[in-house]
4 protein chains.
Amino acid sequence: MFAEAVVPPPSRPAQRAAREAAILGAALRIFAERGYGGARIEDIADAAGIGKGTLYVYFSSKRALLEGVVRAAADPGLAAIESIATQAEGEPAAVVRVIVERAKRALRNEITPVFAKVLVAEGGRAPEVSAVYRKEVMEPLLGVIADVIGRGIERGVFRPIDPNLAARLLLAPAMAAAISLEVFGVGDAGFEPDSLLDTHADLFLAGLQSV
Amino acid sequence: MFAEAVVPPPSRPAQRAAREAAILGAALRIFAERGYGGARIEDIADAAGIGKGTLYVYFSSKRALLEGVVRAAADPGLAAIESIATQAEGEPAAVVRVIVERAKRALRNEITPVFAKVLVAEGGRAPEVSAVYRKEVMEPLLGVIADVIGRGIERGVFRPIDPNLAARLLLAPAMAAAISLEVFGVGDAGFEPDSLLDTHADLFLAGLQSV
Amino acid sequence: MFAEAVVPPPSRPAQRAAREAAILGAALRIFAERGYGGARIEDIADAAGIGKGTLYVYFSSKRALLEGVVRAAADPGLAAIESIATQAEGEPAAVVRVIVERAKRALRNEITPVFAKVLVAEGGRAPEVSAVYRKEVMEPLLGVIADVIGRGIERGVFRPIDPNLAARLLLAPAMAAAISLEVFGVGDAGFEPDSLLDTHADLFLAGLQSV
Amino acid sequence: MFAEAVVPPPSRPAQRAAREAAILGAALRIFAERGYGGARIEDIADAAGIGKGTLYVYFSSKRALLEGVVRAAADPGLAAIESIATQAEGEPAAVVRVIVERAKRALRNEITPVFAKVLVAEGGRAPEVSAVYRKEVMEPLLGVIADVIGRGIERGVFRPIDPNLAARLLLAPAMAAAISLEVFGVGDAGFEPDSLLDTHADLFLAGLQSV
DNA sequence: GATGAATGAGGGTTCATTCAT
DNA sequence: AATGAATGAACCCTCATTCAT
C-alpha cells in the first residue's frame, strides 16, 4: 500500500560510524593530495558530503582529524600482523613469501602509499600520533617478522643475521616503493611494484638461504 | 682617513652566492621541521640572518624557494653518481659495497633524511620540481647502478635478474631508513643505520651471487 | 499495574512558568559572567537543565532572551516602587531612610548588581528594552522618590532643591556601588555597601535638612 | 620650482604613535557601541583608517586591544589626580567644588561615559585590566579626595565621617550619571549632568558642613 | 640593495538557529 | 513537547607579498 523507503535510513549509531568513516577517507585523500597545511577543512567536509560545521561534531580540530586518520590506518596494519602471526608456525621461507604477498596487496590498495606519505609528511608535526603508529603497528609487525626469521635461523635454514635488521630489510622495498609511487606518481616512478617485490622476495630468500 | 672594514666585504657575486646558500640551508631546515605549509617566510629569513624583504630579492616566492631547495639538493646526488661512475669498471661486488658505503655516508649527513622528508611531503605540491629531481638525480643514479649490476650479470658473477629492479632494491633500505629516521626520530627508530646497511650489503650480495 | 510517578508532574502551565523562570535565571547569570556576546545558548540551556532546542520553545532567539531577562528584572523594581508609594504619606526623612534601606537590601541580593551590569553592558544593543526599563521602572521609581522629597520641601523640612535631581542623587550611590561591586569584585571594591549607604543616608539628610 | 609636500609625512615614530592613538580611539568607540563581543576587528581597523592586518602590528590580539583601551583611558584619570593633589592645600570646601567641576568636565567629554561603559561591560572579562584601572586610577583618586576631606574634618569644618566613604559618595553621582547617559542616551536620561552635579556639590557640602 | 611596516585574502573554529527524530 | 546533530555565516588571526624608506 505504502511505498517502502528504498534505502531505509541508517540507525543513528550506524549513521555516526558511516560519517566518521567518510570523513576519515576524505581527509586521508586530501591530506595526501595537498598536505596537512594545504588541506582545507571545508574541502574535506565537502568531500565527505557534510557541512563544514558538522565535521567539528566528529573531530574537535584539524589536528584531531590527522590523529584520527593515522589511527584508522593502524587497523589494517594490525590485521596484517595477526594474519602473519597465525602462519608463523609454517615453513619460514614460505612465510616470508606470504609477507611479501601481503605487501604487494597493500601497495595495490591505494590507501597505503597515500597514508605513508601523510605519515612521513606530518609525522614530525604530530609526534604522539606517529609514536602510536610506530608502537602499535610498526614494532609489532617487525616483531612477528623477526620471529619468523629467527626461527628460520634456529632451524638452520637461514643464515645467522640479526633478525630485527632482516625484518626491516624485508619491508624496506615496500616502504621505498610506496613512497616513490606517491612522490613521482605511479606512471613516472619507472617500475612495477609487483615485479619489484617478487624480485625482492627471490633475492632476499636467496641471500638468506645461502651459506 | 676612514677606517677600513676589518673584514673586507666579500665581493658582490660571492656575497650573493653565500646568501643564497644561507637561505637555502635555512629553508631546508625549516621546511623539514614544520613542512612547507607550516614554514613561515619570516622564520626562514631570520634563520638565514636576513630581513624578510631581502629574501624576496633572492627568491621570488615561497614556491620558488622550495624549488631552489630541491634543486640545490640535486648537486650532492649528482656528485654521488659521478663518483660511482668512475668506479664502474671495477669488480661489481666491490662497487656495490662502495655504493652502500656512500649511502651510509649520506645517512650520516643530517641533510639527507631532511631532504628526503621534504621531497616526500612536498613533492606533490611541486611536481615539476620532483620530476626534475627524478630525472636528473634518481634516474641517472639508478642507471649507473643498474649498469654495474648488469655488468656483473654479464660476467656471470651475479644471478640474472632485472638490473633496474636490482638497483632499486639496492637503494631501498637507505631510502626506508632515511624516512624512518625522520618520521620516528633517530632515537626512536629502533635501529642503527650503519648496521642496517652493512647487513643489507651482505645479504644483497649473497643473494646476487648465489646460484 | 503501572508505577505512579512519585512526584506528580506539575501542571502544564506551572511547568512552563517554572522552566521559563529557570531559563531567565540561568541567562541572567551567564550574561553577567560572560556578557551577551560571550554567552552561549548551549551553556544557558545546560545551566537551566534543559536541551538547547528546548530553549527555543520558550524564547525565539538570543535577543528575545535578553529582553526577557530585562523584563523579568523589572518586577522587583516595580514592587519597590509600590512599597515606597504606600509609605509616601509618612515623615519624609523617615521615608528617605526606608528607601536607603531598600537599596541596601537590593545590593545584598546578588541579582541586582548582576542585572545592573547586564543592563549597562547590553542596554545599547537592545534600546527598546532599556527604554522599557527606564520608563516602567526607573522613571516611576524616581517619580515617587521625587514626590516624597517634594513633600518634604513643601513642608519646609527639606531645603528647596529640584526634587528630580535630589531623587537621582539619593539613588546614585547605590547605582555606583552596584557597578563597582560587579566590575571590581566584592572583595576588591574596597568598601562595605551597607556602611556606604548608611553614611550616605546621614549625609544626604543632613544636607537636605540644613538651612 | 617643485611643489612642496603640503603635509610633510610624519616621522616614523610619530606615525606609529598617531596610528596607535587612532586605533585606540576607534576601538573605544566601537567597543562602546557594540560591546567587546559585538565589535569586529575589521570595523575597528576601518574606523582607524588602516588595514585589518595592520592592527595586529600594533596590538597582538583583540584582548590586548581592550587592555590598551583601558590603559589609555587611565591617563586623563591620572592627570585629574595630579590636578587635585596640587590644590589639596586649599580650603577643603573649595577643593571639593574643584573636584566636582572636574567631574562635570569629564562628563562633557564624550570619552568618559563611553569608557565607563566599556569598563563595566568588559571589566569582569579582563580582570587584570580592570584591576590596573582600579589600582592606578580609582584608588589614587579616591585617596587624594579622602585626604582633602580628612583635612576638612581635622580642621573642624567638616562633620566627622569616614573620609573614604565620603570620597566615594562625592564621586558616585558622576559615575551614576555617566552610566545613565550611556545606557539611556543623553536625550532620554532625563537630567542635565551639570545641574545634577551642581546640586550635588551644594547638597554634599551642606551635609558635610552641617553640625 | 636591504628592510620591515602594511596589507588583505584565506582558513580554522565557534555558535545561533533549524529540523528530523 | 523535547532534543541535539547538522549547518554555514561570521569572525579572529596568520602570513605571503608588496613597497616606501
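What you see is a predicted model, and the numbers here were worked out from it, not measured in a lab.

Digging into the side chain of D:Arg134
Part 1 of the argument: Along the chain, D:Arg134 turns up in helix α7 (residues 127-154).
Part 2 of the argument: If we skip the residues at most four places from it in the chain, D:Arg134 touches C:Phe184, C:Asp188, D:Glu139 and D:Pro140.

What about the interface of chain A and chain B?
Part 1 of the argument: Each partner contributes residues to the interface: chain A has 41 residues there, and chain B has 41 residues.
Part 2 of the argument: Summed over both partners, the interface of chain A with chain B comes to about 3,600 Å²; 74% of that surface belongs to carbon and sulfur atoms.
Part 3 of the argument: Together, A:Val120, A:Leu169 and A:Leu203 form the three largest contributors to the area buried by chain A at its contact with chain B, with a combined 17%.
Part 4 of the argument: Our count for the contact surface shared by chain A and chain B stands at two salt bridges.
Part 5 of the argument: The shortest N-O distance in the salt bridge between B:Asp188 and A:Arg134 comes to 3.6 Å.
Part 6 of the argument: For the pair chain A and chain B, the interface holds four residue pairs in polar contact (both at pLDDT 80 or more).
Part 7 of the argument: Among the elements of the structure, α1 (12-38), α6 (111-123), α7 (127-154), α8 (163-184) and α9 (193-209) of chain A are those that each provide at least two residues to the side of chain A that touches chain B.
Part 8 of the argument: The dominant element in the side of chain A that touches chain B, judged by the number of residues it contributes, is α8(A), at eleven residues.
Part 9 of the argument: Of the residues that constitute the side of chain A that touches chain B, the class distribution is 21 nonpolar, eleven polar and nine charged.

Comments concerning the protein's contact with DNA strand F
Part 1 of the argument: As a structural note, the neighbourhood of DNA strand F is formed by 34 residues, with A:Thr54, B:Ile41, C:Arg19, C:Thr54 and D:Lys52 the closest of them.
Part 2 of the argument: For DNA strand F, the fraction of atoms within 4 Å of the protein that belong to sugar or phosphate moieties is 71%.
Part 3 of the argument: Taking A:Gly51, its main chain carries an N or O atom lying 2.9 Å from a phosphate oxygen of DNA strand F.
Part 4 of the argument: C:Lys52 places a side-chain nitrogen or oxygen 3.3 Å from a base nitrogen of DNA strand F.
Part 5 of the argument: Counting residues per element, the ones that place at least two in the surface near DNA strand F are α1 and α3 (52-58) of chain A, α3 (52-58) of chain B, α1 (12-38) and α3 (52-58) of chain C together with α3 (52-58) of chain D.
Part 6 of the argument: For the surface near DNA strand F, a count of residues per class yields twelve nonpolar, ten polar and twelve charged.

What about the packing of helix α4 (residues 62-86) of chain C against helix α5 (residues 92-108) of chain C?
Residue and element names in this part refer to chain C.
Part 1 of the argument: One way to put it is that α4 packs onto α5 with a least axis distance of 10 Å and a crossing angle of 160°. Classified by the angle their axes make, α4 and α5 are roughly antiparallel. Handedness of the α4/α5 crossing: right-handed. Residues Ala-80, Ser-83 and Ile-84 of α4 form the contact with α5, whose own contacting residues are Val-95, Ile-99 and Arg-102.
Part 2 of the argument: Each residue belonging to the contact of α4 with α5 can be placed in one class, and the counts come to four nonpolar, one polar and one charged.

Remarks on the packing of aromatic side chains
Part 1 of the argument: Applying the stated rule across the entire model yields eight aromatic pairs over all chains.
Part 2 of the argument: Geometrically, the ring pair formed by B:Phe31 and B:Tyr36 is tilted, given 5.4 Å between the ring centres and 40° between the ring planes.
Part 3 of the argument: B:Tyr36 gets classed as buried once you look at its relative accessible area, which sits at 12%.
Part 4 of the argument: Geometrically, the ring pair formed by C:Phe115 and C:Tyr133 is tilted, given 5.0 Å between the ring centres and 55° between the ring planes. With a gap of 18 residues between them, C:Phe115 in helix α6 (residues 111-122) and C:Tyr133 in helix α7 (residues 127-154) connect regions that are remote in the sequence. In this structure, C:Phe115 and C:Tyr133 share a single accessibility class: buried.
Part 5 of the argument: Sitting above the plane of the A:Tyr36 ring, A:Lys62 keeps its charged end 4.7 Å from the centroid.

Observations regarding the relation of the copies chain A and chain B
Both copies of the chain are placed relative to one another by a rotation about an axis and a shift along it.
Part 1 of the argument: When chain A is brought onto chain B, the operation consists of a screw motion whose angular component is 180° and whose axial shift is 0.1 Å, with 0.1 Å RMSD remaining. The symmetry that links the two subunits is that of a two-fold axis. Ranked by how close their C-alpha atoms come to the rotation axis, the residues of chain A are headed by A:Gly207, at 1.7 Å.
Part 2 of the argument: Same-surface contact between copies: 98% of interface residues of chain A are shared with the interface of chain B.

Describing the interface of chain C and chain D
Part 1 of the argument: Every contact between the two is made by 41 residues of chain C and, on the other side, 41 residues of chain D.
Part 2 of the argument: Around 3,600 Å² of area is buried between chain C and chain D when both sides are counted, 74% of it from carbon and sulfur atoms.
Part 3 of the argument: On the surface where chain C and chain D come into contact, there are two salt bridges.
Part 4 of the argument: At the surface where chain C touches chain D, the tally comes to four residue pairs in polar contact (both at pLDDT 80 or more).
Part 5 of the argument: Secondary structure elements with two or more residues in the side of chain C that touches chain D: α1, α6, α7, α8 (163-184) and α9 (193-209) of chain C.
Part 6 of the argument: Counting residues per element, the side of chain C that touches chain D draws most heavily on α8(C), which supplies eleven residues.
Part 7 of the argument: Of the residues contributing to the side of chain C that touches chain D, the split by class is 21 nonpolar, ten polar and ten charged.

Focus: the protein's contact with DNA strand E
Part 1 of the argument: As a structural note, the neighbourhood of DNA strand E is formed by 33 residues, with A:Tyr56, B:Arg19, B:Thr54, D:Lys52 and D:Thr54 the closest of them.
Part 2 of the argument: Considering the 4 Å shell around the protein, atoms of DNA strand E inside it are sugar or phosphate in 71% of instances.
Part 3 of the argument: Measuring from a phosphate oxygen of DNA strand E, one finds a side-chain N or O atom of A:Arg40 at 3.3 Å.
Part 4 of the argument: Within the side chain of A:Lys62, a nitrogen or oxygen atom sits 2.9 Å from a phosphate oxygen of DNA strand E.

With respect to the environment of D:Leu107
Part 1 of the argument: In this fold, D:Leu107 is placed in helix α5 (residues 92-108).
Part 2 of the argument: Sequence-distant contacts of D:Leu107, that is, excluding residues within four places in its chain, are made with D:Pro113, D:Ala174, D:Ala177, D:Ala178, D:Pro193 and D:Leu197.

Things to note about helix α9 (residues 193-209) of chain D
Part 1 of the argument: Taking 1.5 Å per residue as the helical rise, α9(D) with its 17 residues ought to reach 24 Å, and the 24 Å between its terminal C-alpha atoms agrees with that figure.
Part 2 of the argument: Within α9(D), twelve of the 17 residues are buried, leaving the element largely enclosed by the surrounding structure.
Part 3 of the argument: All buried positions along α9(D) are accounted for by D:Pro193, D:Leu196, D:Leu197, D:Thr199, D:His200, D:Ala201, D:Leu203, D:Phe204, D:Leu205, D:Ala206, D:Gly207 and D:Leu208.
Part 4 of the argument: On the buried face of α9(D), the contacting elements are α8 and α9 of chain C together with α5, α7 and α8 (163-184) of chain D.

Section: the domain arrangement of chain A
Residues and elements named next belong to chain A.
Part 1 of the argument: Partitioning chain A into structural domains gives domain 1 (10-60) and domain 2 (62-208).
Part 2 of the argument: Placing the centre of domain 1 and that of domain 2 at their C-alpha centroids yields a distance of 27 Å.
Part 3 of the argument: With 15 residues of domain 1 at the interface, the matching set in domain 2 holds 15 residues.
Part 4 of the argument: Summed over both sides, the interface of domain 1 with domain 2 buries roughly 1,400 Å², with 77% coming from carbon and sulfur.
Part 5 of the argument: Run the count over domain 1 and domain 2 and you get four residue pairs in polar contact (both at pLDDT 80 or more).
Part 6 of the argument: The set of elements that each furnish at least two residues to the side of domain 1 that touches domain 2 consists of α1 and α2 (41-48).

Quick look at the environment of D:Ala26
Residue and element names in this part refer to chain D.
Part 1 of the argument: Along the chain, Ala-26 falls in helix α1 (residues 12-38).
Part 2 of the argument: The exposure class of Ala-26 is buried, given its relative accessible area of 1%.
Part 3 of the argument: Between the C-alpha atom of Ala-26 and that of Gly-49, which follows or precedes it by 23 residues, the distance is 9.2 Å.
Part 4 of the argument: In contact with Ala-26, not counting residues within four places along its chain, are Ile-44, Ala-47 and Ala-48.

Considerations on the pattern of salt bridges
Part 1 of the argument: Tallied over the full model, the rule gives 49 salt bridges over all chains.
Part 2 of the argument: As a salt-bridge pair, C:Glu33 and C:Arg34 come within 3.3 Å of each other at their nearest N and O atoms.
Part 3 of the argument: Accessibility expressed as a relative area gives 47% for C:Glu33, which makes it partly exposed.
Part 4 of the argument: Given a relative accessible area of 28%, C:Arg34 falls into the partly exposed group.
Part 5 of the argument: One salt-bridge network, in which partners are shared between bridges, spans A:Glu33, A:Arg34, A:Arg40, A:Glu42 and A:Asp43.

Parameters and conventions
- Residues numbered from 1 in each chain as written.
- Chains lettered and ligands numbered in written order.
- Predicted model: local features only at pLDDT ≥ 70, side-chain atom pairs only at ≥ 80, totals over all residues.
- Heavy atoms only, no water.
- Helix = DSSP H or I, 4+ residues; strand = E, 2+ residues; numbered from the N terminus.
- Contact = heavy atoms within 4.5 Å.
- Buried area = accessible area lost by both parts, 1.4 Å probe.
- Salt bridge = Lys/Arg side-chain N within 4 Å of Asp/Glu carboxyl O.
- Polar contact = N/O pair within 3.5 Å; in protein donor to acceptor, adjacent residues only side chain to side chain.
- Nonpolar A, V, L, I, M, F, W, Y, C, P; charged D, E, K, R; others polar.
- Near = heavy atom within 4 Å.
- Axes fitted to C-alpha atoms, helices over the stretch in contact; angles between N-to-C directions.
- Parallel < 35°, antiparallel > 145°, perpendicular 65-115°, else oblique.
- Left-handed = near helix turned anticlockwise from the far one by under 90°.
- Phe/Tyr/Trp six-rings, centres within 6.5 Å; stacked < 30°, edge-to-face > 60°.
- Buried < 20%, exposed > 50% of the residue type's maximum accessible area, 1.4 Å probe, protein only.
- Lys NZ or Arg CZ within 6 Å of the ring centre and 35° of its normal.
- Least-squares fit on C-alpha atoms with pLDDT ≥ 70 in both.
- Expected span 1.5 Å × (residues − 1).
- Domains from an automatic or database assignment.

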